Amino acid sequence: MSKKEELKQQILQLTREYYNEVHKTSKVFEPGKSFVNYGGRYFNDEEMVNLVDSSLDFWLTAGPWAHKFETRLAKWLGVKHCALTNSGSSATLLAFYALTSPKLGDRRIKKGDEVITVACGFPTTVTPIIQYGAVPVFVDITIPEYDMDVTRLEEAFSDKTKAVMIAHSLGNPFNLEAVKAFCDRHGLWLVEDNCDALGSEYTIDGVTKKTGTWGHIGTSSFYPPHHMTMGEGGAVYTDDSELDKIVRSFRDWGRDCWCMGGVDNTCKCRFTGKFGELPAGYDHKYVYSHFGFNLKVTDMQAAIGCAQLEKLDYIVVSRRRNFKILREGLEGTEG
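Throughout this description, residue numbers start from 1 for each chain and increase along the sequence as written. For this predicted model, a pLDDT threshold of at least 70 governs which residues receive local features, and a threshold of 80 or more governs which side-chain atom pairs are given and counted, while totals over whole chains, interfaces and linings are taken from all residues. Each side-chain value is worked out from all heavy atoms of the structure, with water and hydrogens disregarded.

Draft legend 1. Fine view of the overall build of the protein chain. Within the protein chain one finds 9 helices and 9 strands. In terms of overall dimensions, the protein chain has C-alpha extents of about 65 × 60 × 35 Å along its principal axes. The buried label applies to any residue whose accessible area, calculated with a 1.4 Å probe on protein chains only, is under 20% of its type's maximum; exposed applies above 50%, and partly exposed to all values in between. By the burial criterion, 47% of the 335 residues in the protein chain qualify as buried. Whether two residues are in contact is decided by their heavy atoms: any pair within 4.5 Å suffices. Partitioning the contacts of the protein chain with sequence separation of at least 6, the portion at a separation of at least 24 is 68%. Computed with a 1.4 Å probe, the accessible areas rest on the Shrake-Rupley method; for each residue, only the protein chains presented here act as cover. Of the roughly 18,300 Å² that the protein chain leaves accessible, carbon and sulfur atoms contribute 55%. His is not counted here, nor are the chain ends, while Lys and Arg score as positive and Asp and Glu score as negative. To locate a charge, the coordinates of NZ of Lys, CZ of Arg, CG of Asp or CD of Glu are taken. When the 39 positive and 44 negative side-chain charges of the protein chain are each reduced to one mean point, those points stand 5 Å apart. Secondary structure elements are defined from DSSP: runs of H or I of at least 4 residues count as helices, runs of E of at least 2 residues count as strands, and each element is numbered from the N terminus.

Right, here's the structure in full:
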């Protein structure tokens, strides 16, 4: 073992010891005395080891850990593509802006077009619509489900409607069967804000898939109260390769090229393409096809996410168990 590797292993072992000394707790829950958090980070020494490991490499922006996370989350969800971003809010922003791309032709959302959404939800599902200059059309909820009243969808539709963008509120999937059928009938985009529902499942015509994968695009948040965390972080996922390229373009400054950072000429047209009025052979890495953003995650955050992914199945099962306990314990309670 080289001196460098030996030092790294010592540092990582000390990190585990630090976790055990500082963060690992064995407090016994006392009913009526112990404070109950509504949500928060769930981690052990693996997250801290990954974080320190990635920091020692000092690859500060998105890199190998980010690529590893994107690949693994896509596989877990059962989709082809996943793009990591710096927050769930950024994920919904990218999901919406991808649908405004000129590359989509007549299906693109233009300023003044309408997007159907729900009247009760978190602002980041609605904010991108308004920021761009499209018009949100609000549909009310049903009680006690607190999800969209799908009987009002046709009433909300007009010749300006281009998409439906709604969240699975508090982990309760909205009526995907009805909403998807409505979108299919009218040729609309469907964006699932899946930030509250990662791991929830929905069945249509005997086929069961995870929420966030039924629509054209799904989004997740990795803020601490959510199912898994990177501190900050989010993801956009899709089965549509063209939409994935557009999402990555908007995420990475609007760049047309999809070569990974530090990897040369994955696109196979770096110096051979013809782009608009630019001279033939203009470097594709410096062609920008969208008015984009810089919404990438750091590799250190992604390293934490990779450890969290290993726990995700357990987290989902635990949340369902906790809900069942609370539901049964409160059975028959009035008001």
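Draft legend 2. A look at the sheet that holds strand S4 (residues 161–167). The mixed open sheet is built from 7 strands, whose spatial order is S1-S9-S8-S5-S4-S2-S3. The open sheet has two edge strands, strand S1 (81–85) and strand S3 (135–139), and neither has a second partner. Direction aside, neighbouring strands of the sheet carry axes that sit 20 degrees apart on average. Pairing geometry for strand S5 (residues 189–193) and strand S8 (residues 217–221), over 3 bridges, is parallel. The partner of Glu192 across the bridge, within S8, is Gly218. Of the strands in this sheet, S1 and strand S9 (234–238) touch helix H3 (residues 64–77), which is tilted by about 135 degrees from S1. In this description, strands pair whenever DSSP reports at least two bridges between them. To define axes, lines are fitted to C-alpha atoms, for helices over the stretch in contact only, and angles between the resulting N-to-C directions are given on a 0 to 180 degree scale.

Draft legend 3. Up close: the pattern of salt bridges. We count a salt bridge whenever a side-chain nitrogen from Lys or Arg sits within 4 Å of a carboxyl oxygen from Asp or Glu. For the structure shown, the criterion picks out 18 salt bridges. Across the pair Arg152 and Glu155 runs a salt bridge whose closest N-O atoms are separated by 3.0 Å. Residue class for Arg152 comes out partly exposed when judged on its relative accessible area of 35%. Asp184 is paired through a salt bridge with Lys180; the nearest N and O atoms lie 3.1 Å apart. Remark: Lys180 and Asp184 occur in helix H7 (residues 176–186); sequence separation between them is 4 residues, near one turn of the helix. Residue Lys180 is classed as partly exposed on the basis of its relative accessible area, which comes to 24%.

Draft legend 4. Representation of the pairing of S3. Inspection of the sheet shows strand S2 (residues 114–118) paired to S3 by 5 bridges, in the parallel sense. Note that in S3 the partner of Val118 across the bridge is Val139. Taking the sense of rotation as the criterion, the β-α-β connection linking S2, helix H5 (residues 127–132) and S3 turns out right-handed. Handedness is read with the strands pointing away from the viewer; a crossover is right-handed when the path from the first strand over the helix to the second is clockwise.

Draft legend 5. Local environment of the environment of Gly305. Mapped onto the elements, Gly305 comes out in helix H9 (residues 299–329). When its relative accessible area of 0% is taken as the criterion, Gly305 is described as buried. In sequence terms Gly305 and Lys160 are 145 residues apart; their C-alpha atoms lie 39 Å from each other. Contact partners of Gly305, with chain neighbours within four places excluded, come to Phe69, Met228 and Met230.

Draft legend 6. Just the packing of aromatic side chains, in detail. The aromatic pairing rule takes the rings of Phe, Tyr and Trp, using the six-membered ring of Trp, and pairs them if the centres are within 6.5 Å, calling planes under 30 degrees apart stacked, those over 60 edge-to-face and the rest tilted. On inspection of all chains with the given rule, the structure shows 10 aromatic pairs. Ring geometry for Phe96 and Tyr132: centres 5.9 Å apart, planes at 65 degrees, overall edge-to-face. Highlighted residues: Phe96 in helix H4 (residues 88–98) and Tyr132 in helix H5, separated in sequence by 36 residues. Exposure remark for Tyr132: the relative accessible area of 11% places this residue in the buried category. Note on Tyr97 and Phe293: the rings are 5.3 Å apart at their centroids and 85 degrees apart in plane angle, and the pair reads as edge-to-face. Of the two residues, Tyr97 is situated in helix H4 and Phe293 in the loop between helix H8 (241–251) and H9; the sequence distance between them amounts to 196 residues. An aromatic cluster is built from Phe96, Tyr97, Tyr132, Phe250 and Phe293, whose rings are joined through pairwise contacts. Lys210 extends its terminal NZ or CZ atom over the ring of Trp76, reaching a point 4.4 Å from the ring centre. Here, a charge over a ring means that NZ of Lys or CZ of Arg falls within 6 Å of the ring centre while also lying within 35 degrees of the ring normal. The residue whose ring lies beneath Arg255 is Tyr286, and the NZ or CZ to ring-centre distance is 5.6 Å.

Draft legend 7. Quick peek at the packing of helix H2 (residues 45–57) against H9. Between H2 and H9, the least distance of the axes is 8 Å, while the angle of their chain directions is 150 degrees. Relative to H9, H2 is oriented roughly antiparallel. Handedness of the H2/H9 crossing: right-handed. Every residue of H9 that contacts H2 at Glu46, Glu47, Asn50, Leu51, Ser54 and Ser55 is listed here: Asp299, Met300, Ala303, Ile304, Cys306, Ala307, Gln308 and Lys311. Classification convention: Asp, Glu, Lys, Arg as charged; Ala, Val, Leu, Ile, Met, Phe, Trp, Tyr, Cys, Pro as nonpolar; all other residues, Gly among them, as polar. Classifying every residue of the contact of H2 with H9 by side-chain character gives 6 nonpolar, 4 polar and 4 charged. Should an angle fall under 35 degrees it is taken as roughly parallel, and over 145 as roughly antiparallel, whereas 65 to 115 is taken as roughly perpendicular and any remaining angle as oblique. In this scheme, a crossing is called left-handed if the near helix is turned counterclockwise away from the far one by less than a right angle; it is called right-handed if the turn is clockwise.

Draft legend 8. Inspection of unusual backbone geometry at higher detail. For the bond from Ile143 to Pro144, the omega torsion is 20 degrees, close enough to zero to count as cis. Its place among the elements puts Pro144 in the loop between S3 and helix H6 (153–156). One non-glycine residue, Asp205, adopts positive backbone phi at about 50 degrees. Mapped onto the elements of the fold, Asp205 is located in the loop between strand S6 (201–204) and strand S7 (207–210). Here Trp253, not a glycine, exhibits a phi torsion of approximately 70 degrees, which is positive.

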